[in-house]
Each structure stands twice: as C-alpha cells, then as structure tokens.
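One-letter residues, chain by chain:
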Amino acid sequence: LQAIKAYRGALRQDPENVKILRDLSMLQVHMRDVAGFVETRNTLLTLKPTNKINWITFAVAKHLAKDYVGAIGVLEAYENTLKGTPPPETSTDRYEHSEMLLYKNELFVEAGRLHKALAHIDEISAQVVDKTGLTHRRAELMLKLGRFEEARKVYEGLVDRNVENIQSHAGLQAATLRRSEAVDRWLDVEVDSATEATLSELYARLRAAH
C-alpha cells in the first residue's frame, strides 16, 4: 500500500510516465485493486494505443472486474485497428493472435453468450493454430447448449484421433448420457443402473472399434 501511494505521488508530478503507470498497475493487480488496475491500464492504453499489450491488458483488467461485455468490446476495438493490415507472418505472431481469439471466445462463454461463442468458433477457425483445442471447445459448447447428438459426433472424432484423451472420453460420455456437464472422474459419483448400462454399451462399441 505504501508503494502504491508513492507511485501515485510520483504520477502527480509526471502523470504520463509510462514506466510508473506500468509498475503501478502491477502493484494494483497484486493487491487485488481491480478498479485501480482498470483505471491505470485505461490510461496506459490512451497514452500508447499502438502497443498491442496495452489493448490486451486493458481487456484482462475489464475481465477481472467481471465486465465481460467491456472486455469483449476492447478486443473488438483492437481487432478494428488491424483491419487492412497484412495477416501475422511469423509463427509467434500467428500463435499470439490465435490465443487472443480463443480468449475472446472464452469471454463470450463467461458472459453467458453461448450461442455467440459457438458461432464465433466458425468465424475464427481459419486463424486458430490449436485446431484440436478449438474442436474440443466446439463440442463443449454443443454440450452446454443441449445439442447432444452433434456433440457426440464431434467427441467420437476426437476419441478416434486420440483414444487415450480423458477429456474426449468425458465429453463423449456426457453427450451419450445427454448431460450438459462432463464428469472427468466417476469414482466419487453415484451411478445408477441406467447410466451404467448406457456407458457399458458405449465402451463395448469403443472396444470393438479400438
């Protein structure tokens, strides 16, 4: 707290000092001063709007404040600044852009906009590097939206691709049982006879296929 007071005092003398603002923002997030963090990152973005990190960090600040719509708006404003520019050339740039798009998709989910999140996957699929992760996300959203048959087909493809992936099995089980939430471990879950029969039938088919 004393350090934050010292930084604020320094800013009164030099209110546009980027280094002081950046250090202050790190202290604020460390102290869980979310409102202060949002304010400081907004100031940094205003001072240095060409810096990609300032856009992303301001979106994170909005996210921490549970302002999901605001965080999405910041990322969309940043995307608008990229219009007319060449696509990322290096693998690092492509990966960073891909992760930003996936982060935006997660914000749609946390904002409760599941239909938009699913539609957004189609919009960004060509730009996302982690195709398997994107497929998992698509299937998870289908589960949450009650589109069990579609989710089952996607999870079956994921299991065929990697039969040892626990996440794919959990999703396939949930889709088969028509449940919106997957269960990663069944050891502590009471299983009724109908559920057991359904899962037994599922794994009889998987044993035959694999």
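Cut-offs used in this document
Residues numbered from 1 in each chain as written. Predicted model: local features only at pLDDT ≥ 70, side-chain atom pairs only at ≥ 80, totals over all residues. Heavy atoms only, no water. Core = buried A, V, L, I, M, F, W, Y, C linked by side-chain atoms within 4.5 Å. Buried < 20%, exposed > 50% of the residue type's maximum accessible area, 1.4 Å probe, protein only. Contact = heavy atoms within 4.5 Å. Helix = DSSP H or I, 4+ residues; strand = E, 2+ residues; numbered from the N terminus. Expected span 1.5 Å × (residues − 1). Salt bridge = Lys/Arg side-chain N within 4 Å of Asp/Glu carboxyl O. Axes fitted to C-alpha atoms, helices over the stretch in contact; angles between N-to-C directions. Parallel < 35°, antiparallel > 145°, perpendicular 65-115°, else oblique. Left-handed = near helix turned anticlockwise from the far one by under 90°. Nonpolar A, V, L, I, M, F, W, Y, C, P; charged D, E, K, R; others polar.

### Topic: the nonpolar core
Point 1. The biggest cluster of nonpolar side chains holds 43 residues, and the ones touching the most others in it are Leu-107, Leu-143 and Tyr-155.
Point 2. What Leu-107 contacts, discounting residues up to four positions off in sequence, is His-63, Tyr-68, Ala-71, Ile-72 and Leu-75.
Point 3. One finds Ile-4, Leu-11, Ile-20 and Leu-21 within the second-largest nonpolar core, a separate group that totals 6 residues.

### Some words on helix H8 (residues 131–144)
One turn of an α-helix holds 3.6 residues; hence residues three or four places apart share an orientation.
Point 1. The end-to-end C-alpha separation of H8 is 20 Å, in line with the 20 Å expected for 14 residues at 1.5 Å each.
Point 2. Taken together, the buried positions of H8 are Leu-134, His-136, Ala-139, Leu-141, Met-142 and Leu-143.
Point 3. On the buried face of H8, the contacting elements are helix H6 (91–110), helix H7 (114–124), helix H9 (148–161) and helix H10 (166–177).

### Comments concerning the pattern of salt bridges
Between side chains of opposite charge, pairing is possible as soon as their charged atoms come close.
Point 1. Applying the stated criterion across every chain, the model contains 13 salt bridges.
Point 2. Note that Asp-23 and Lys-19 form a salt bridge whose closest N and O atoms lie 3.0 Å from each other. A residue pair is termed a helical-turn pair when its members lie 3 or 4 positions apart in one helix, as Asp-23 and Lys-19 do in helix H2 (residues 18–30) at 4 residues.
Point 3. A salt bridge links Glu-76 to Lys-104, with the nearest nitrogen and oxygen atoms 3.5 Å apart. With a gap of 28 residues between them, Glu-76 in helix H5 (residues 68–82) and Lys-104 in helix H6 connect regions that are remote in the sequence.
Point 4. On the accessibility criterion, Glu-76 (33% relative accessible area) is partly exposed.
Point 5. Given a relative accessible area of 8%, Lys-104 falls into the buried group.
Point 6. Among the charged side chains, a network of salt bridges with common partners joins Glu-76, Glu-79 and Lys-104.

### Section: the side chain of His-136
Point 1. Positionally, His-136 belongs in helix H8.
Point 2. If near-sequence neighbours (up to four positions away) are discounted, His-136 is found in contact with Tyr-155, Leu-158, Asn-165, Gln-167 and Ser-168.

### Structural notes on the packing of helix H3 (residues 34–47) against helix H4 (residues 52–64)
Point 1. Interaxial distance between H3 and H4 falls to 9 Å at its minimum, and their mutual angle equals 160°. Taken together, H3 and H4 sit at an angle that is classed as roughly antiparallel. As H3 runs across H4, the sense of the crossing is left-handed. Taken together, the residues of H4 that come into contact with H3 (itself represented by Val-34, Phe-37, Val-38, Arg-41, Asn-42, Leu-44 and Leu-45) are Ile-53, Asn-54, Trp-55, Thr-57, Phe-58, Ala-61, Lys-62 and Leu-64.

### Some details on the packing of H5 against H6
Point 1. Taken N-terminus to C-terminus, the directions of H5 and H6 make an angle of 150°; their axes are 9 Å apart at the nearest point. On the basis of their axis angle, the class for H5 and H6 is roughly antiparallel. Our pair here, H5 against H6, has a crossing hand that is left-handed. Across the interface between the two elements, Tyr-68, Ala-71, Ile-72, Leu-75, Glu-76, Tyr-78, Glu-79 and Leu-82 from H5 touch His-97, Met-100, Leu-101, Tyr-103, Lys-104, Leu-107, Phe-108 and Glu-110 from H6.
Point 2. The residue inventory of the contact of H5 with H6, partitioned by class, reads 11 nonpolar, 1 polar and 4 charged.

### Some thoughts on unusual backbone geometry
What is expected of a backbone is that most residues other than glycine have negative phi and most peptide bonds are trans.
Point 1. If you check the backbone angles, Arg-32 has positive phi at about 60° while not being a glycine.
Point 2. Positive phi is not limited to glycine here, since Lys-66 has a value of about 65°.
Point 3. Structurally, the position occupied by Lys-66 is in the loop between H4 and H5.
Point 4. In this structure Lys-66 comes out as exposed when scored by relative accessible area, which is 61%.

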